[in-house]
Amino acid sequence: MPFPSHAKITVTNEGQRKVNAFYFNIDYRAYAKPLPADTLYFHAQYRQGTPNKAIKGNGLNLKGEDNYVWMNATGRGHFAGVTMSVLENADGWWGEGDDMFFVDGETLPSINGTGSEDYFLGAWDFGGKPFAYGLFGAPVVGQERAGARWSVYRFHLDSPIPFTKSLRATIEHGTANDRADNYYSVAYWYQTEPHAAFPPLPPVNERLPELHPAAQR
């Protein structure tokens with residue numbers, strides 16, 4: 001996480017219980033010379049859809065207008081990855097949503113995936129078992145039913161997605177957005193400054209997972 005002159009890291013307890021023991025360790029490297037003027041800076045953005053809105057249609061979604069948005073950025077940089085958790089609001093398989101990346105103002109995505117499970121590199125329902133590797137994983141794997149919880153991640157350190165003007169990183173919630181599950185995500189990227197305004201962080205009571213029963217497809 002490069003910085004030219006200073007950095008500040010804070011931790012806030014928004015829970016109702018006192019934290020009796022808190023430990024941390026910070027490592028940093030100081031340079032004798034200033035960083036180059038074109039240095040890209042680390043960014044992370046939290047978003048949620050609780051619930052996402054289920055769209056009834058013909059199963060086609062070319063432009064991703066109702067997709068769940070991981071991040072919107074303006075400037076020059078590259079996408080570095082995402083962590084996402086899912087709370088199912090209906091029975092069935094949530095992972096048929098396609099990832100779509102719109103680079104530099106594209107109307108149609110130049111990167112269009114084949115399903116959520118494929119993007120997170122764990123096809124066939126993640127094999128029904130949790131797994132975790134350095135750059136991708138599904139450490140929490142549930143069952144295909146309402147109330148099930150899942151957590152997945154993928155980092156693009158070996159395959160960054162570059163952009164020169166803007167990037168809109170999204171994923172469908174179900175086939176052509178036909179499911180109304182809860183999504184919670186943090187996207188990570190590097191870019192030049194200034195960056196676009198972030199959406200406000202929801203209050204803690206809205207970030208807590210809550211089941212919103214939805215009709216079956």
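Scroll up to find the structure this text is about.
Residues numbered from 1 in each chain as written. Predicted model: local features only at pLDDT ≥ 70, side-chain atom pairs only at ≥ 80, totals over all residues. Heavy atoms only, no water.

### Quick word on the pattern of salt bridges
- Taken as a whole and assessed by the stated rule, the structure comprises three salt bridges.
- For R207, the salt bridge goes to E14, with nearest N and O atoms at 2.3 Å. Here the residue R207 occupies a position in helix 2 (residues 204-207), and E14 occupies one in the segment before strand 1 (41-49), the gap between them amounting to 193 residues.
- According to the relative accessible area criterion, R207 is partly exposed, its value standing at 21%. (Salt bridge = Lys/Arg side-chain N within 4 Å of Asp/Glu carboxyl O. Helix = DSSP H or I, 4+ residues; strand = E, 2+ residues; numbered from the N terminus. Buried < 20%, exposed > 50% of the residue type's maximum accessible area, 1.4 Å probe, protein only.)

### Focus on the sheet that holds strand 2 (residues 68-74)
- The sheet built from four strands is open, its strands ordered 2-10-4-5 with antiparallel pairing. Of all strands in the sheet, those bounded by a partner on one side alone are strand 2 and strand 5 (111-112).
- When strand 4 (residues 99-103) meets strand 10 (residues 166-171), the two strands line up antiparallel, connected through five bridges. Note that in strand 10 the partner of D99 across the bridge is I171. (Pairing = 2+ DSSP bridges.)

### Regarding the pairing of strand 10
- In terms of burial, strand 10 is largely enclosed, as five of its six residues are buried.
- Pairing of strand 2 with strand 10 involves six bridges; the strand directions are antiparallel. For M71, the partnering residue across the bridge sits in strand 10 and is A169.

### What about a nonpolar patch on the surface?
- A cluster of nonpolar side chains, namely I9, V11, V19, F22, F24, I26 and Y28, defines an oily patch on the protein surface of about 860 Å² accessible area.
- When you line up the elements, Y28 lands in the segment before strand 1. (Patch = residues over 30% accessible without salt bridge, like charges linked within 9 Å, V, L, I, M, F, W, Y side chains within 5 Å. Areas by Shrake-Rupley, 256 points an atom, 1.4 Å probe, with all protein chains shown as cover.)

### Regarding the nonpolar core
- In this structure, W70, M71, F79, M84, F120 and F126 are the most contacted members of the largest nonpolar core, which totals 29 residues.
- Among the elements of the structure, strand 2, strand 3 (77-87), strand 4, strand 8 (149-155), strand 9 (161-163), strand 10 and strand 11 (182-191) are those that each provide at least two residues to this core.
- Look past the residues within four positions of M71 in its chain and what remains in contact with it is Q45, R47, F79, L167, R168, A169, A187 and W189. (Core = buried A, V, L, I, M, F, W, Y, C linked by side-chain atoms within 4.5 Å. Contact = heavy atoms within 4.5 Å.)

### Focus on the packing of aromatic side chains
- With the rule as written, the count across this model stands at 24 aromatic pairs.
- A ring pair is formed by W93 and W94, whose centres lie 5.5 Å apart and whose planes are at 50°; its orientation type is tilted. Just as W93 is buried, W94 falls in that class too.
- In this structure, R154 packs its charged tip against the face of Y119, placed 4.9 Å from the ring centre.
- Positioned above the aromatic ring of F102 is the side chain of R168, whose terminal nitrogen or guanidinium carbon lies 5.4 Å from the ring centre. (Phe/Tyr/Trp six-rings, centres within 6.5 Å; stacked < 30°, edge-to-face > 60°. Lys NZ or Arg CZ within 6 Å of the ring centre and 35° of its normal.)

### Considering the pairing of strand 4
- The buried count for strand 4 comes to five of five residues, which makes it a mostly enclosed element.
- Two elements, strand 4 and strand 5, share two bridges in a ladder whose sense is antiparallel. Along strand 5, the bridge assignment pairs M100 with N112.

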